[in-house]
Amino acid sequence: GAGVSQTPSNKVTEKGKYVELRCDPISGHTALYWYRQSLGQGPEFLIYFQGTGAADDSGLPNDRFFAVRPEGSVSTLKIQRTERGDSAVYLCASSSFVPGQGAIGANVLTFGAGSRLTVL
Amino acid sequence: GDSVTQMEGPVTLSEEAFLTINCTYTATGYPSLFWYVQYPGEGLQLLLKATKADDKGSNKGFEATYRKETTSFHLEKGSVQVSDSAVYFCALKGFQKLVFGTGTRLLVSP
């Protein structure tokens, strides 16, 4: 698609419930990132996929958080046994590597509008 | 690990005033540096970037220069507008992930 699409845009759930958040990246982008942004804070890295595999999941706060990208496109962030502290905006971003544009570090991440999760 | 420190806000200015938002970083290697902006009710958008020392990124009248000697990437604009009111995030990217600062809110009054 034209941009990064995230669903749902808003999710309200009760403590202890299971939640799934979906990200549809820009078509052809091989890299996909999940971030979490709490109120008044900068986005905090959670996990990064290159293709189907998680290249870096060092930001996942604990084993209640899990993400998949089975076909190298759409990704789902899964949160088990939600806690009130999980309330935040969950951001997805994608990027691509274009030969000739220099180091991978130069590639720009395009962000979706985010999924706001509220745990009551 | 890699980190970004930016000045706390809010920064409150009158229209047409000069803007500086300070950003310094700590990183191993040679990261790329970015400024992202988040307008009220909208998602994060790339404002500008610089990929190596002494590069200057610019967009919409905003500028920032990658200063390796001072590990800084300060954001400047000569004359701000009310429509520039937003939260600005400095960020760095090494090989893989983007690391953000905590953001600086800019409020511009007419």
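Residues numbered from 1 in each chain as written. Chains lettered and ligands numbered in written order. Predicted model: local features only at pLDDT ≥ 70, side-chain atom pairs only at ≥ 80, totals over all residues. Heavy atoms only, no water.

Draft legend 1. Seen up close, the overall build of chain A. Across its full length, chain A holds zero helices and 11 strands. Its helices and strands in sequence order give chain A the pattern β-β-β-β-β-β-β-β-β-β-β, from N to C terminus. Relative to the globule expectation of 14 Å for 120 residues, the C-alpha radius of gyration of chain A, 14 Å, shows essentially globular dimensions. Its C-alpha atoms give chain A principal-axis dimensions of roughly 50 × 25 × 25 Å. Buried positions account for 45% of the 120 residues belonging to chain A. As displayed, chain A has an accessible area near 5,700 Å², and 49% of this comes from carbon and sulfur atoms. The distance from the centre of the 11 positive side-chain charges to the centre of the 10 negative ones in chain A is 6 Å. (Helix = DSSP H or I, 4+ residues; strand = E, 2+ residues; numbered from the N terminus. Rg over C-alpha atoms; globule rule 2.2 N^0.38 Å. Buried < 20%, exposed > 50% of the residue type's maximum accessible area, 1.4 Å probe, protein only. Areas by Shrake-Rupley, 256 points an atom, 1.4 Å probe, with all protein chains shown as cover. Lys, Arg positive; Asp, Glu negative; His and termini not counted. Charge placed at Lys NZ, Arg CZ, Asp CG, Glu CD.)

Draft legend 2. Fine view of the state of the cysteines. According to the stated counting rule, one finds two disulfides over all chains in the structure shown. For C23 of chain A, the disulfide goes to C92 of chain A, at an S-S distance of 1.9 Å. Between C23 of chain A and C92 of chain A the sulfur-sulfur dihedral comes to about -70°; the bridge is accordingly left-handed. Taken together, the positions of C23 of chain A in strand β3 (residues 19–24) and C92 of chain A in strand β9 (residues 88–95) put the pair 69 residues apart, joining distant regions of the chain. With respect to burial, C23 of chain A and C92 of chain A carry one shared label: buried. Bridging C23 of chain B to C90 of chain B, the disulfide has an S-S length of 1.9 Å. One disulfide, between C23 of chain B and C90 of chain B, carries an S-S torsion of -70° and so falls in the left-handed class. Within this pair, whereas C23 of chain B is found in strand β4 (residues 23–26), its partner C90 of chain B is found in strand β10 (residues 86–93), the two being separated by 67 residues in sequence. The class for C23 of chain B is buried, based on a relative accessible area of 1%. (Disulfide = S-S within 2.5 Å.)

Draft legend 3. View of the layout of surface pockets. Roughly 700 Å³ of internal volume is contained in the largest pocket. As for the largest pocket, its lining consists of 31 residues, and the residues nearest its centre are Q37, L39, V89 and R116 of chain A together with Q38 of chain B. Of all the secondary-structure elements, those providing two or more residues to the lining of the largest pocket are β9 and β11 (115–119) of chain A together with β10 and β12 (104–109) of chain B. Per element, the largest residue contribution to the lining of the largest pocket is four residues, and it comes from β12 of chain B. (1 Å grid on protein atoms, 1.4 Å probe; cavity = no way out; pocket = protein on both sides within 12 Å on 5 of 7 lines; lining within 4 Å. Points joined across faces, edges and corners; volume = space filled by probe spheres on them.)

Draft legend 4. Spotlight on the pattern of salt bridges. Counted according to the given criterion, the structure contains eight salt bridges over all chains. A salt bridge links D56 of chain A to K97 of chain B, with the shortest nitrogen-to-oxygen separation between them at 3.9 Å. Of the two residues, D56 of chain A sits in strand β6 (residues 53–56) while K97 of chain B sits in the loop between β10 and β11 (98–100), which places them in two different chains. Notably, a salt bridge pairs K77 of chain B with D84 of chain B, separated by 2.8 Å at the nearest N-O pair. The two residues K77 of chain B and D84 of chain B agree in class, both being buried. (Salt bridge = Lys/Arg side-chain N within 4 Å of Asp/Glu carboxyl O.)

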